[in-house]
Amino acid sequence: MIKAFIIDDEKVSAELLAIKIGKLATDIQVSGIFSSGTAALEAMETEEPAVIFLDIEMPGMDGISMVKKMDAENTEIIFTTAYAQYAIEAVRLQALDYLLKPVGEKELNFALLRLREKLVEKEKIKAGQSLESLFTKMQALNTHFNKIAIATLEGILFIPVKEIIRVESLNNYSKLYLISGKNIVASKTLKLVEEMLAPYRFFRPHKSHLINLEYITKYIRGEGGVIVMADGSEVDVSRQRKQDFMKVFESQP
């Protein structure tokens, strides 16, 4: 069953969309309807839906701001709004679809088909990486090796862990930033890279970044805060992960 959230401050509009989804897709379960982005973000701290249907113009926190604060790596976004002017921003945020209210069943059905195709594509990628993931997990357990194997377009590189400053997510790929200034694009998701580096001192302060704790030079306080790395780069700390980040240093002798 595909789990979905609907976020819309207009109760009637949200309930009507839920009815249409139930009519068109028996494989999709609307497990939460929220009237604000803040309430939805709180729910997503413990539950990660496969897709959210998100209004844009809402009081307090608009839909665009909510997406920027989201810490749900595997959640697809379908905007549902009465305003066409946000379409370009939706593309920048890699939204799966952009539906104008009132949402017609034909347009909604096409969006649901795209959602299913995207989820199937994700599963294929996951299956294709399973053997490689097993190898990297075994390798990561050997902390004496102190290198990770990264598959690139050119072949497999063996990179010393101590040379990695941070890793950034590029959807189904990851970009490694090395102390030498060189950048490497790996054909692995950030989640897989994180698993490989589990035995070492790395931390994930945001859904799109993994950092080497050895290369932190400064922490700037804020809602989540900002980490400054040894190469001068800045990495946001998500609101949901700020407490875990602070605990890392509280536990140090």
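Residues numbered from 1 in each chain as written. Predicted model: local features only at pLDDT ≥ 70, side-chain atom pairs only at ≥ 80, totals over all residues. Heavy atoms only, no water.

S.K.: Outline the side chain of T81, listing residues and values.
M.R.: If you trace the backbone, T81 turns up in strand β4 (residues 76-81). With near-sequence residues (within four places) excluded, T81 lies in contact with D55, I56, Y98, L99, L100 and K101. (Helix = DSSP H or I, 4+ residues; strand = E, 2+ residues; numbered from the N terminus. Contact = heavy atoms within 4.5 Å.)

S.K.: Got a sec to walk through the sheet that holds strand β8 (residues 164-170)? Specific residues and values, please.
M.R.: Taken in spatial order, the 5 strands line up as β10-β9-β8-β12-β11 in an open sheet, and their pairing is antiparallel. Lying at the two open borders of the sheet, with one neighbouring strand each, are β10 (183-186) and β11 (202-206). Taken over all neighbouring pairs, the strand axes of this sheet differ in orientation by 20 degrees on average, direction set aside. Across 4 bridges, strand β9 (residues 173-178) lies against β10 in antiparallel orientation. Its bridge partner lying in β10, K175 is registered against V185. (Pairing = 2+ DSSP bridges. Axes fitted to C-alpha atoms, helices over the stretch in contact; angles between N-to-C directions.)

S.K.: Quick one: what's the story with a nonpolar patch on the surface, residue by residue and with numbers?
M.R.: A contiguous nonpolar patch, built from L170, Y173 and V185 and spanning about 260 Å² of accessible area, is present on the exposed surface. Residue V185 is classed as partly exposed on the basis of its relative accessible area of 44%. (Patch = residues over 30% accessible without salt bridge, like charges linked within 9 Å, V, L, I, M, F, W, Y side chains within 5 Å. Areas by Shrake-Rupley, 256 points an atom, 1.4 Å probe, with all protein chains shown as cover. Salt bridge = Lys/Arg side-chain N within 4 Å of Asp/Glu carboxyl O. Buried < 20%, exposed > 50% of the residue type's maximum accessible area, 1.4 Å probe, protein only.)

S.K.: Can you break down the nonpolar core residue by residue, with the values?
M.R.: Core analysis: the largest hydrophobic core is formed by 22 residues, its most contacted members being I7, I52, L54, M66, M70 and F79. Elements with a contribution of two residues or more to this core: β1 (2-7), α2 (37-43), β3 (51-54), α3 (63-69) and β4. Once residues within four sequence positions are removed from consideration, I52 is found in contact with F5, I7, M66, M70, T75, E76, I77 and I78. Counting 21 residues, the second largest nonpolar core, distinct from the first, contains I6, A18, A50 and L108. (Core = buried A, V, L, I, M, F, W, Y, C linked by side-chain atoms within 4.5 Å.)

S.K.: Could you give me a rundown of the packing of aromatic side chains, with the residues and numbers involved?
M.R.: If you walk through the whole model with that rule in mind, you get 4 aromatic pairs. Linked through ring pairs, F203, Y219 and F245 together constitute an aromatic cluster. The ring centre of Y177 lies 3.8 Å from the NZ or CZ of R166, which sits over that ring. (Phe/Tyr/Trp six-rings, centres within 6.5 Å; stacked < 30°, edge-to-face > 60°. Lys NZ or Arg CZ within 6 Å of the ring centre and 35° of its normal.)

S.K.: Explain the pattern of salt bridges residue by residue, including any values.
M.R.: Throughout the structure, instances matching the rule amount to 15 salt bridges. For R239, the salt bridge is made with E45, and the minimal N-O distance between the two is 3.9 Å. Residue R239 is located in the loop between β15 (234-236) and α8 (242-250), and its partner E45 is located in the loop between α2 and β3; the two are separated by 194 residues in the primary sequence. Across the salt bridge formed by R114 and D97, the nearest N and O atoms sit 3.7 Å from each other. Taken together, the positions of R114 in helix α5 (residues 105-128) and D97 in strand β5 (residues 97-100) put the pair 17 residues apart, joining distant regions of the chain. Of the residues examined, R114 reaches a relative accessible area of 40% and is grouped as partly exposed. Shared partners join several salt bridges into a network, and the residues in it are D8, E10, D55 and K101.

S.K.: Give me the pairing of β8: which residues, what numbers.
M.R.: Buried residues dominate β8, accounting for 5 of its 7 residues. Bridge count for β8 against β9 is 6 bridges, and the pairing is antiparallel. Each residue of the ladder has a partner; that of E168, found in β9, is K175. Count of turn residues in the β8/β9 antiparallel hairpin: 2 residues, of which N171 carries a positive phi of about 60 degrees. Sheet analysis places β8 next to strand β12 (residues 209-212), joined by 3 bridges and oriented antiparallel. What sits directly across from R166, in β12, is I211.

S.K.: Account for unusual backbone geometry, naming residues and giving values.
M.R.: The peptide bond linking K101 to P102 adopts the cis configuration, its omega dihedral lying at -10 degrees. Secondary-structure assignment places P102 in the loop between β5 and α5. Here the phi dihedral of Q94 falls at roughly 60 degrees; this positive angle occurs in a residue that is not glycine. Under the relative-accessibility criterion, Q94 is labelled exposed at 51%. A positive phi angle, near 60 degrees, is found at N171, a position not held by glycine. Inspection of the secondary structure puts N171 in the loop between β8 and β9.

By themselves these figures say nothing about function.
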